[in-house]
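Examining the three-dimensional arrangement
Spelled out from the first residue to the last, the chains are:
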Amino acid sequence: YRDDDDINDVASMAGVNLNEESARIMATNSDLVGTQIQSCKDEPFLAAIPLHKRILEMAKKLGITDVPAEVVTFISHATQNRLRTVIEKVTVITQHRMESYKDDEWYEQATDVRSQLKFFEQLERLEKQRKDEQEREILLKAAKSRSRQEDPEQARLKQKAKEMQQQELAQMRQRDANLTALAAIGPRKKRKLDSPGLLAIGGEGLGVSGGGQAGLGTPSSRQYARQKITRVNLRDFIFYMEQERETSHSLLLYRALLK
């Protein structure tokens, strides 16, 4: 080694001349130096011709007669970026709405509106059943009455009681016919999930193994996980527009609230 060589210079210790290697690389790839290579073509998100026409119509109102193609491409990319941002925010809102805190140890349930509604529905059903029973007793008493002088109200009650008895008799016949048909058909057989010949439904079914050694339904068959779908509704969009400064007082939000 020369005196000016550094003992820690690995390239010099290996006998590699960096200047020669750099000159060889520049000579080999001289056509690629200074050029820009893109992995894909820059395509606009929106259709260029209709978008350009729409921009020209809006620009003429402001006294602008010429809009270059670069402006159209920039607006198309800005629209794509804005739409992506809206979808991401609405997706987060939907996921928060669908999130359940029942199994979380840090949360305690204070009220259960669904159980309260079921309780009130049950009370209404019992009240309706009690009124039906009272009306049925009144009609049965009117049908059993043997008074010679009957007023029109008594005749109407008897006719109604007769119709009620006919309806109950028809329901009993229909129920007996259904039971007879079920008895003639016999017990229903359950499908065996591990039997061969069953196909996959919804991406969670049974896979096909190669080689013909393992058939359908074997434990070694592949199982595909179902992709989780996030469903966004109008209420999520309304909540998003209420939180955004640009749309919190817009006419679009007012129209959405009217639906």
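Above this text sits the structure in question.
Residues numbered from 1 in each chain as written. Predicted model: local features only at pLDDT ≥ 70, side-chain atom pairs only at ≥ 80, totals over all residues. Heavy atoms only, no water.

1. Re the overall build of the protein chain
Looking only at helices and strands, one finds eight helices and zero strands in the protein chain. Secondary structure of the protein chain in N-to-C order comes out as α-α-α-α-α-α-α-α. Contacts spanning at least 24 positions in sequence make up 39% of the contacts within the protein chain whose residues lie at least 6 apart. (Helix = DSSP H or I, 4+ residues; strand = E, 2+ residues; numbered from the N terminus. Contact = heavy atoms within 4.5 Å.)

2. Brief notes about the packing of helix α5 (residues 113-144) against helix α6 (residues 152-185)
α6 packs onto α5 with a crossing angle of 115° between their chain directions and a minimal axis gap of 8 Å. Here α5 is positioned roughly perpendicular relative to α6, judged by the angle of their axes. Between α5 and α6 lies a crossing of left-handed hand. Across from Glu135, Arg136, Leu139, Leu140, Ala142 and Ala143 in α5, the residues of α6 making contact are Gln154, Leu157, Lys158, Lys160, Ala161, Met164, Gln165 and Glu168. (Axes fitted to C-alpha atoms, helices over the stretch in contact; angles between N-to-C directions. Parallel < 35°, antiparallel > 145°, perpendicular 65-115°, else oblique. Left-handed = near helix turned anticlockwise from the far one by under 90°.)

3. Looking at a nonpolar patch on the surface
There is a patch of nonpolar side chains on the surface, built from Phe119, Phe120, Leu123 and Leu126 and spanning about 410 Å² of accessible area. If you trace the backbone, Phe119 turns up in helix α5. Relative accessible area serves as the criterion here: at 47%, Phe119 is assigned to the partly exposed category. (Patch = residues over 30% accessible without salt bridge, like charges linked within 9 Å, V, L, I, M, F, W, Y side chains within 5 Å. Areas by Shrake-Rupley, 256 points an atom, 1.4 Å probe, with all protein chains shown as cover. Salt bridge = Lys/Arg side-chain N within 4 Å of Asp/Glu carboxyl O. Buried < 20%, exposed > 50% of the residue type's maximum accessible area, 1.4 Å probe, protein only.)

4. Concerning the layout of surface pockets
As a volume, the largest pocket reaches approximately 270 Å³. In terms of lining residues, the largest pocket is bounded by Met98, Glu99, Ser100, Tyr101, Lys102, Tyr107, Glu108 and Gln109. Of the residues contributing to the lining of the largest pocket, the split by class is three nonpolar, two polar and three charged. (1 Å grid on protein atoms, 1.4 Å probe; cavity = no way out; pocket = protein on both sides within 12 Å on 5 of 7 lines; lining within 4 Å. Points joined across faces, edges and corners; volume = space filled by probe spheres on them. Nonpolar A, V, L, I, M, F, W, Y, C, P; charged D, E, K, R; others polar.)

5. Observations regarding the nonpolar core
In this structure, Val86, Val90, Ile93, Ile238, Tyr240, Met241, Leu253 and Ala256 together form the largest nonpolar core, which totals eight residues. Where this core is concerned, the elements lending two or more residues are α4 (69-98), α7 (234-243) and α8 (251-258). (Core = buried A, V, L, I, M, F, W, Y, C linked by side-chain atoms within 4.5 Å.)

6. Overview of α6
Side chains that are three or four residues apart share a direction in an α-helix, a result of its 3.6 residues per turn. With 34 residues, α6 should cover 50 Å at 1.5 Å per step; its first-to-last C-alpha distance of 50 Å lies within 8% of that length. All of the buried residues in α6 are Leu157, Ala161 and Met164. Note on α6: the residue one or two positions beyond its end, Gly186, has a positive phi of about 95°. (Expected span 1.5 Å × (residues − 1).)

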